[in-house]
Amino acid sequence: MSQAPGSPSTSLAPDPDTDDRIVKNGLRPRANPLDPEQPVPYGHVLLAAIELRWSPAAVVARLTALGYADIHRPEAPLPDTVGPDDLPLIKDANSHYAIIWLDIAEPVSLHQILVSAVRTDRGPAGIARRLTALGYRIGGSGHPLPESFRSGDAVLIRTDPGVYGRWLDWDEEVAASHVLNVASLLRRSPYATAMRLLSLGIRLPYTPVPEDELLVSAPGTFGAGWLNRTPPTGHILAVAERLGRPPADVAARLTELGYRHEAVPDVPEADDLTLLSDNVDGQAPWLEKNTVVGLQMRHILRAALVTGRTPADIAARLTALGHWLHANAIPPAVVDAEDIPLLAAVDRSYRDNVHLENVLRGASLTGMSPAEVARRLTALGYQLPDAVDYPDVRGALVAP
């Protein structure tokens, strides 16, 4: 039977082949026909219209003529035309194996729109407009959706990536930690993530401001250049200096954004950024607090050389800034530049004995004898095995 799209099927003579295709559940050749006693899903009407190139009204008319009395349809008028591009939109986002049609009686969820956007590579706003044109009601309070498509939008509204997570819907509020979680998962800026969540109609416990981008930016660090959950004190002091704001204000804002942090000084000292930088140059990367073994003596001595302060003074200031020194550590009264290459050979903390290879490596880097290295390390508080007899013979220097 030949029929122009949109012409009413009742104006033509019945065609058994066409009628059979209309009533097939899913229009598959071997599919069972729809049960006349059960409602016909609106998605089936649209699918039949797409497959047969009919209008939805023509499909409804023919199904009615075939005895199907309960046919789901929208409250709004049926769309004049539908096409293959509409098919991914009307498949329920929660169906993975069997096809489940989107329920015309229920408002469309945010999850459905974002999954449809992924299926069609279209922006959420365009998906919402098309579903509205098909007769579906969009949920929420009419919040405008973004026109642009971004992969990962569905991840933003998942409370947990595991089996216990659920999909957020319109106007729900998330905790600040949710923003950080999904930003980390997608390797995106927390500020950009917060702005995207707002554009999708999700509420936040704070209002994002452009300055947040600077607060959470940490180039060259783990996490694609964004802070981890506990910003180093050096980062907070550096941002505060750049913005001309008290460190406490920066720390308070980071708390609002979901970060944890150590106490920061009310009034930073001139050398604080130098002491808190890994390379003792006042720049990132910043010294991370080691809760297991404490500060490295080598860092203390390097900072003492750069600033001209005593190692004990450096250790005291870093302790005041939230770091700590192991009880076995003995800062020297005066820093010795030879200690820097010597300690470069020690990969042991104050909790563990220094190995023989560390002593021999220290001797090769400094020109000292193994016995001299052992005595110096002992003076700095390191533990060495008592059973080792270190020779006093000096070897040749090697490049570090």
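Notes on the structure follow. (Residues numbered from 1 in each chain as written. Predicted model: local features only at pLDDT ≥ 70, side-chain atom pairs only at ≥ 80, totals over all residues. Heavy atoms only, no water.)

1. Notes on the overall build of the protein
Alright, step 1. What the protein contains, in helices and strands, is 18 helices and zero strands.
Alright, step 2. Scaling as 2.2 N^0.38, a compact globule of 400 residues should have a C-alpha radius of gyration of about 21 Å, whereas the protein reaches 34 Å, well beyond that.
Alright, step 3. Overall size of the protein, expressed as C-alpha extent along the three principal axes, is 110 × 45 × 30 Å.
Alright, step 4. When burial is assessed residue by residue, the protein has 45% of its 400 residues classed as buried. (Helix = DSSP H or I, 4+ residues; strand = E, 2+ residues; numbered from the N terminus. Rg over C-alpha atoms; globule rule 2.2 N^0.38 Å. Buried < 20%, exposed > 50% of the residue type's maximum accessible area, 1.4 Å probe, protein only.)

2. Remarks on the packing of helix H8 (residues 176-186) against helix H9 (residues 190-199)
Alright, step 1. Remark: H8 packs on H9, axes separated minimally by 9 Å, with the N-to-C direction vectors making an angle of 110°. As judged from the angle between their axes, H8 and H9 are roughly perpendicular. Between H8 and H9 lies a crossing of right-handed hand. Listed contacts from H9 to His178, Val179, Leu180, Val182 and Ala183 of H8 are Pro190, Thr193, Ala194 and Leu197.
Alright, step 2. Taken together, the residues of the contact of H8 with H9 sort by class into seven nonpolar, two polar and no charged. (Axes fitted to C-alpha atoms, helices over the stretch in contact; angles between N-to-C directions. Parallel < 35°, antiparallel > 145°, perpendicular 65-115°, else oblique. Left-handed = near helix turned anticlockwise from the far one by under 90°. Contact = heavy atoms within 4.5 Å. Nonpolar A, V, L, I, M, F, W, Y, C, P; charged D, E, K, R; others polar.)

3. Observations concerning helix H14 (residues 297-307)
Alright, step 1. Listing the buried residues of H14 in full gives Met297, His299, Ile300, Leu301, Ala303 and Ala304.
Alright, step 2. Residues of H14 that are buried sit in contact with helix H13 (272-275), helix H15 (311-320) and helix H16 (339-344).
Alright, step 3. Just past H14, the residue Gly308 takes up positive phi, approximately 80°.

4. Concerning helix H11 (residues 233-243)
Alright, step 1. The set of residues buried in H11 consists of Thr233, Gly234, His235, Ile236, Leu237, Val239 and Ala240.
Alright, step 2. Residues of H11 that are buried in the fold lie against helix H10 (211-216), helix H12 (247-256) and H13.
Alright, step 3. Following H11 by one or two positions, Gly244 adopts a phi angle in the positive range, close to 70°.

5. A few points about the packing of aromatic side chains
Alright, step 1. Within the structure shown, the criterion is met by two aromatic pairs.
Alright, step 2. Arranged with centres 5.6 Å apart and planes meeting at 55°, the rings of Tyr42 and Tyr136 form a pair that is tilted. A residue pair is termed long-range when its members are at least 10 positions apart, and Tyr42 in helix H2 (residues 42-52) and Tyr136 in the loop between helix H6 (124-133) and helix H7 (153-156) qualify at 94 residues.
Alright, step 3. With a centroid separation of 4.2 Å and an interplanar angle of 15°, the aromatic rings of Tyr350 and Tyr382 are classed as stacked. Of this pair, Tyr350 sits in the loop between H16 and helix H17 (356-366) while Tyr382 sits in the segment after helix H18 (370-379), and the two are 32 residues apart along the sequence. (Phe/Tyr/Trp six-rings, centres within 6.5 Å; stacked < 30°, edge-to-face > 60°.)

6. Topic: the environment of Asp160
Alright, step 1. Along the chain, Asp160 falls in the loop between H7 and H8.
Alright, step 2. Owing to a relative accessible area of 36%, Asp160 belongs among the partly exposed residues under this scheme.
Alright, step 3. Once the C-alpha coordinates of Asp160 and Pro36 are considered, the two residues, 124 residues apart in sequence, prove to be 41 Å apart.
Alright, step 4. Within the structure, the side chain of Asp160 is placed 2.7 Å from the backbone nitrogen of Gly162, a separation counted as a polar contact. (Polar contact = N/O pair within 3.5 Å; in protein donor to acceptor, adjacent residues only side chain to side chain.)

7. Looking at the nonpolar core
Alright, step 1. Leu63 and Tyr136 are the most contacted members of the largest nonpolar core, which totals 68 residues.
Alright, step 2. Examining the composition of this core, we find that eight residues originate from one element, H2, more than from any other.
Alright, step 3. Beyond its immediate stretch of four places on either side in the chain, Tyr136 contacts Tyr42, Leu46, Ile90, Leu102, Asp103, Ile104, Val108 and Leu131.
Alright, step 4. One finds Met297, Ala303, Val359 and Leu384 within the second-largest nonpolar core, a separate group that totals 35 residues. (Core = buried A, V, L, I, M, F, W, Y, C linked by side-chain atoms within 4.5 Å.)

8. Looking at the side chain of Asn358
Alright, step 1. Relative to the assigned elements, Asn358 resides in helix H17.
Alright, step 2. With a relative accessible area of 5%, Asn358 lands in the buried category.
Alright, step 3. Apart from the residues within four sequence positions on either side, Asn358 is in contact with Ala345, Val346, Asp347 and Arg348.

9. A look at the side chain of Ser116
Alright, step 1. Turning to its location among the elements, Ser116 is positioned in helix H5 (residues 110-120).
Alright, step 2. With a relative accessible area of 0%, Ser116 lands in the buried category.
Alright, step 3. If we ignore the near neighbours within four places in the chain, the residues touching Ser116 are Pro88, Leu89 and Ile127.

10. Describing empty space enclosed by the protein
Alright, step 1. What the rule picks out here adds up to two cavities of 30 Å³ or more.
Alright, step 2. By volume, the largest cavity amounts to about 60 Å³.
Alright, step 3. Every residue along the wall of the largest cavity is listed here: Leu180, Pro190, Tyr191, Ala194, Tyr206, Pro208, Asp212, Val216, Leu257 and Tyr259.
Alright, step 4. Considering every element that reaches the lining of the largest cavity, the biggest residue donor is H9, with three residues.
Alright, step 5. The residue inventory of the lining of the largest cavity, partitioned by class, reads nine nonpolar, no polar and one charged.
Alright, step 6. The computed volume of the second largest cavity comes to approximately 30 Å³.
Alright, step 7. For the lining of the second largest cavity, the secondary structure elements donating two or more residues are H5 and H7.
Alright, step 8. Per element, the largest residue contribution to the lining of the second largest cavity is three residues, and it comes from H5. (1 Å grid on protein atoms, 1.4 Å probe; cavity = no way out; pocket = protein on both sides within 12 Å on 5 of 7 lines; lining within 4 Å. Points joined across faces, edges and corners; volume = space filled by probe spheres on them.)

11. Here's the deal with the packing of H11 against H12
Alright, step 1. Remark: H11 packs on H12, axes separated minimally by 8 Å, with the N-to-C direction vectors making an angle of 115°. In this structure, H11 meets H12 at a crossing whose hand is right-handed. Between H11 and H12, the residues in contact are Ile236, Leu237, Val239 and Ala240 and Pro247, Val250, Ala251 and Leu254, respectively.
Alright, step 2. Here the residues of the contact of H11 with H12 sort into eight nonpolar, no polar and no charged.

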